[in-house]
Amino acid sequence: MEVVFARGTGELPGLGVLGTPLVTAIRSALPGRTVDAYAVNYAAEASQASAGPGATDMSRHVSTVAAACPGTRFVIGGYSQGATVTDIAIGIPFGVAQGTAIPADLASRVAAVVVFGNPLGITHQSIAQRSPVYGPKTKEFCNAGDTICGNGDGGNRLAHLQYATNGSVQQAAQFAAGKLTGA
(Lines give C-alpha, C1' and ligand atoms only; values in the text may rest on other atoms or scores of the structure.)
Protein backbone atom coordinates (compact mmCIF):
# COMPACT_ATOMS: atom_id res chain seq x y z
CA MET A 1 0.00 0.00 0.00
CA GLU A 2 1.18 3.50 -0.68
CA VAL A 3 -0.06 6.92 0.33
CA VAL A 4 0.61 9.57 -2.33
CA PHE A 5 -0.01 13.01 -0.83
CA ALA A 6 0.33 16.60 -2.05
CA ARG A 7 1.08 19.24 0.58
CA GLY A 8 -0.64 22.62 0.76
CA THR A 9 0.38 25.97 -0.65
CA GLY A 10 3.60 27.34 0.79
CA GLU A 11 4.53 24.22 2.75
CA LEU A 12 8.08 22.93 2.56
CA PRO A 13 8.70 19.90 0.32
CA GLY A 14 7.55 16.65 1.86
CA LEU A 15 4.22 15.24 3.00
CA GLY A 16 3.29 18.44 4.85
CA VAL A 17 1.34 19.18 8.01
CA LEU A 18 -1.48 16.79 7.10
CA GLY A 19 0.24 14.14 4.99
CA THR A 20 2.74 13.16 7.67
CA PRO A 21 0.16 12.46 10.41
CA LEU A 22 -2.15 10.83 7.83
CA VAL A 23 0.51 8.29 6.88
CA THR A 24 1.29 7.64 10.56
CA ALA A 25 -2.41 7.11 11.34
CA ILE A 26 -2.94 4.78 8.36
CA ARG A 27 0.09 2.73 9.44
CA SER A 28 -1.36 2.51 12.96
CA ALA A 29 -4.73 1.42 11.57
CA LEU A 30 -3.09 -1.34 9.51
CA PRO A 31 -0.65 -3.12 11.84
CA GLY A 32 1.49 -5.74 10.16
CA ARG A 33 1.03 -4.24 6.70
CA THR A 34 3.54 -2.26 4.70
CA VAL A 35 2.39 1.29 4.05
CA ASP A 36 4.82 3.36 2.00
CA ALA A 37 4.49 7.08 1.36
CA TYR A 38 5.33 9.44 -1.46
CA ALA A 39 5.30 13.22 -1.22
CA VAL A 40 4.18 14.75 -4.51
CA ASN A 41 7.04 16.77 -5.94
CA TYR A 42 5.68 20.17 -6.91
CA ALA A 43 6.30 23.83 -6.12
CA ALA A 44 3.10 24.50 -4.08
CA GLU A 45 3.28 28.17 -5.18
CA ALA A 46 0.78 30.75 -4.04
CA SER A 47 -0.29 31.35 -7.64
CA GLN A 48 -1.78 27.82 -7.79
CA ALA A 49 -0.08 27.38 -11.17
CA SER A 50 1.93 24.47 -9.78
CA ALA A 51 -1.16 22.29 -9.29
CA GLY A 52 -0.99 20.98 -12.87
CA PRO A 53 2.65 19.88 -12.67
CA GLY A 54 1.87 18.41 -9.25
CA ALA A 55 -0.96 16.35 -10.74
CA THR A 56 1.39 15.12 -13.44
CA ASP A 57 3.94 14.08 -10.79
CA MET A 58 1.22 12.29 -8.78
CA SER A 59 -0.05 10.47 -11.88
CA ARG A 60 3.42 9.49 -13.07
CA HIS A 61 4.34 8.19 -9.64
CA VAL A 62 1.19 6.07 -9.37
CA SER A 63 1.79 4.73 -12.90
CA THR A 64 5.45 3.92 -12.20
CA VAL A 65 4.78 2.14 -8.91
CA ALA A 66 1.76 0.31 -10.34
CA ALA A 67 3.88 -1.05 -13.20
CA ALA A 68 6.75 -2.10 -10.92
CA CYS A 69 4.57 -3.49 -8.12
CA PRO A 70 1.36 -4.99 -9.51
CA GLY A 71 -0.09 -5.67 -6.05
CA THR A 72 0.25 -2.14 -4.70
CA ARG A 73 -2.94 -0.22 -3.90
CA PHE A 74 -2.96 3.52 -3.37
CA VAL A 75 -4.43 6.17 -1.15
CA ILE A 76 -4.08 9.53 -2.86
CA GLY A 77 -4.88 12.97 -1.55
CA GLY A 78 -3.87 16.45 -0.67
CA TYR A 79 -4.42 19.56 1.37
CA SER A 80 -5.59 22.88 -0.08
CA GLN A 81 -3.71 23.30 -3.36
CA GLY A 82 -2.65 19.69 -2.89
CA ALA A 83 -6.35 18.80 -3.09
CA THR A 84 -6.45 20.59 -6.45
CA VAL A 85 -3.44 18.50 -7.49
CA THR A 86 -5.50 15.43 -6.58
CA ASP A 87 -8.57 16.70 -8.44
CA ILE A 88 -6.58 17.14 -11.64
CA ALA A 89 -4.87 13.76 -11.18
CA ILE A 90 -8.27 12.04 -11.08
CA GLY A 91 -9.48 13.90 -14.16
CA ILE A 92 -11.31 16.90 -12.67
CA PRO A 93 -9.98 20.08 -14.27
CA PHE A 94 -9.84 23.18 -12.11
CA GLY A 95 -9.12 26.69 -13.31
CA VAL A 96 -6.34 27.08 -15.83
CA ALA A 97 -4.04 24.47 -14.27
CA GLN A 98 -3.43 21.52 -16.55
CA GLY A 99 -1.81 18.22 -15.73
CA THR A 100 -1.82 14.55 -16.57
CA ALA A 101 -4.51 12.34 -15.03
CA ILE A 102 -3.98 8.86 -13.65
CA PRO A 103 -4.63 6.40 -16.49
CA ALA A 104 -8.18 5.03 -16.40
CA ASP A 105 -6.94 1.44 -16.22
CA LEU A 106 -5.28 2.22 -12.86
CA ALA A 107 -8.39 3.70 -11.21
CA SER A 108 -9.20 0.38 -9.56
CA ARG A 109 -5.78 0.40 -7.87
CA VAL A 110 -6.67 3.66 -6.10
CA ALA A 111 -8.48 2.39 -3.01
CA ALA A 112 -9.20 5.78 -1.45
CA VAL A 113 -8.98 9.51 -2.06
CA VAL A 114 -8.80 11.92 0.88
CA VAL A 115 -8.69 15.69 0.53
CA PHE A 116 -8.72 18.54 3.02
CA GLY A 117 -9.81 22.10 2.25
CA ASN A 118 -10.40 21.36 -1.45
CA PRO A 119 -10.76 24.59 -3.50
CA LEU A 120 -13.17 22.70 -5.79
CA GLY A 121 -15.78 23.48 -3.13
CA ILE A 122 -15.62 27.18 -4.02
CA THR A 123 -17.57 26.21 -7.16
CA HIS A 124 -20.11 24.34 -4.96
CA GLN A 125 -18.87 21.04 -6.34
CA SER A 126 -17.25 17.97 -4.87
CA ILE A 127 -15.30 14.99 -6.12
CA ALA A 128 -18.39 12.86 -5.42
CA GLN A 129 -20.40 15.05 -7.80
CA ARG A 130 -17.74 15.29 -10.50
CA SER A 131 -16.32 11.77 -10.62
CA PRO A 132 -18.44 8.64 -10.81
CA VAL A 133 -15.23 6.59 -10.69
CA TYR A 134 -13.49 8.20 -7.71
CA GLY A 135 -16.46 9.75 -5.91
CA PRO A 136 -17.55 6.56 -4.08
CA LYS A 137 -14.06 6.08 -2.67
CA THR A 138 -13.49 9.70 -1.64
CA LYS A 139 -13.67 11.45 1.72
CA GLU A 140 -13.61 15.25 1.56
CA PHE A 141 -13.05 17.47 4.59
CA CYS A 142 -14.14 21.13 4.59
CA ASN A 143 -14.29 22.76 8.00
CA ALA A 144 -17.11 25.15 8.90
CA GLY A 145 -15.88 28.63 8.08
CA ASP A 146 -13.19 27.45 5.63
CA THR A 147 -13.62 29.78 2.67
CA ILE A 148 -10.87 27.99 0.68
CA CYS A 149 -13.23 25.06 0.20
CA GLY A 150 -16.38 27.16 0.03
CA ASN A 151 -17.77 26.53 3.49
CA GLY A 152 -18.16 29.91 5.10
CA ASP A 153 -18.18 33.63 4.86
CA GLY A 154 -14.64 34.20 6.10
CA GLY A 155 -15.63 34.69 9.72
CA ASN A 156 -13.22 31.97 10.86
CA ARG A 157 -9.90 32.51 9.10
CA LEU A 158 -8.29 29.70 11.11
CA ALA A 159 -10.75 27.07 9.87
CA HIS A 160 -8.46 26.16 6.95
CA LEU A 161 -5.61 25.45 9.37
CA GLN A 162 -7.43 23.17 11.83
CA TYR A 163 -7.57 19.85 9.96
CA ALA A 164 -4.50 18.52 11.78
CA THR A 165 -6.02 19.18 15.21
CA ASN A 166 -9.76 18.62 14.85
CA GLY A 167 -9.86 14.86 14.21
CA SER A 168 -10.11 15.09 10.41
CA VAL A 169 -6.79 13.32 9.82
CA GLN A 170 -7.79 10.42 12.06
CA GLN A 171 -11.17 10.15 10.31
CA ALA A 172 -9.42 10.17 6.93
CA ALA A 173 -7.01 7.45 8.05
CA GLN A 174 -9.86 5.22 9.27
CA PHE A 175 -11.73 5.79 6.01
CA ALA A 176 -8.64 4.94 3.92
CA ALA A 177 -7.77 1.89 6.02
CA GLY A 178 -11.32 0.63 5.59
CA LYS A 179 -11.11 1.04 1.82
CA LEU A 180 -7.74 -0.70 1.71
CA THR A 181 -8.99 -3.69 3.70
CA GLY A 182 -12.45 -3.80 2.16
CA ALA A 183 -14.09 -3.11 5.52
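What you see is a predicted model, and the numbers here were worked out from it, not measured in a lab.

1. Some points on the sheet that holds strand E5 (residues 138–141)
Working definition: the strands of a sheet are paired by backbone hydrogen bonds and lie parallel or antiparallel to each other.
Here comes step 1: Taken in spatial order, the five strands of this open sheet run E2-E1-E3-E4-E5, and their pairing is parallel. The open sheet has two edge strands with one neighbour each: strand E2 (36–39) and E5. Each strand of the sheet is rotated relative to its neighbour by a mean of 15°, with strand direction disregarded.
Here comes step 2: Strand direction decides the pairing type here: strand E1 (residues 2–6) and E2, joined by four bridges, are parallel. Looking at E2, one finds that Glu-2 is bridged to Asp-36.
Here comes step 3: Along the sheet, helix H5 (residues 168–181) contacts strand E3 (74–79), strand E4 (110–116) and E5; its crossing angle with E4, the most-contacted strand, is approximately 170°.

2. Re the packing of helix H2 (residues 51–68) against helix H3 (residues 81–89)
Here comes step 1: Two numbers describe how H2 lies on H3: the axes approach to 8 Å, and their chain directions differ by 60°. Relative to H3, the element H2 lies oblique. Crossing of H2 over H3 shows right-handed handedness. Contacts from Ala-51, Gly-52, Gly-54, Ala-55, Met-58 and Ser-59 of H2 reach H3 at Gln-81, Thr-84, Val-85, Thr-86, Ile-88 and Ala-89.
Here comes step 2: A breakdown of the residues in the contact of H2 with H3 according to their chemical character gives six nonpolar, six polar and no charged.

3. Quick notes on the packing of aromatic side chains
Here comes step 1: On inspection of all chains with the given rule, the structure shows four aromatic pairs.
Here comes step 2: Aromatic pair Phe-5 and Phe-116: ring centres 6.3 Å apart, planes at 55°, arrangement tilted. Separated by 111 residues along the polypeptide, Phe-5 in strand E1 and Phe-116 in strand E4 bring together distant segments of the chain.
Here comes step 3: Accessibility expressed as a relative area gives 1% for Phe-5, which makes it buried.
Here comes step 4: Judged by centre distance (6.1 Å) and plane angle (70°), the ring pair of Tyr-79 and Tyr-163 falls under edge-to-face. Placement of the pair is Tyr-79 in strand E3 and Tyr-163 in the loop between E5 and H5, with a sequence separation of 84 residues.

Calculation criteria
Residues numbered from 1 in each chain as written. Predicted model: local features only at pLDDT ≥ 70, side-chain atom pairs only at ≥ 80, totals over all residues. Heavy atoms only, no water. Pairing = 2+ DSSP bridges. Helix = DSSP H or I, 4+ residues; strand = E, 2+ residues; numbered from the N terminus. Axes fitted to C-alpha atoms, helices over the stretch in contact; angles between N-to-C directions. Contact = heavy atoms within 4.5 Å. Parallel < 35°, antiparallel > 145°, perpendicular 65-115°, else oblique. Left-handed = near helix turned anticlockwise from the far one by under 90°. Nonpolar A, V, L, I, M, F, W, Y, C, P; charged D, E, K, R; others polar. Phe/Tyr/Trp six-rings, centres within 6.5 Å; stacked < 30°, edge-to-face > 60°. Buried < 20%, exposed > 50% of the residue type's maximum accessible area, 1.4 Å probe, protein only.

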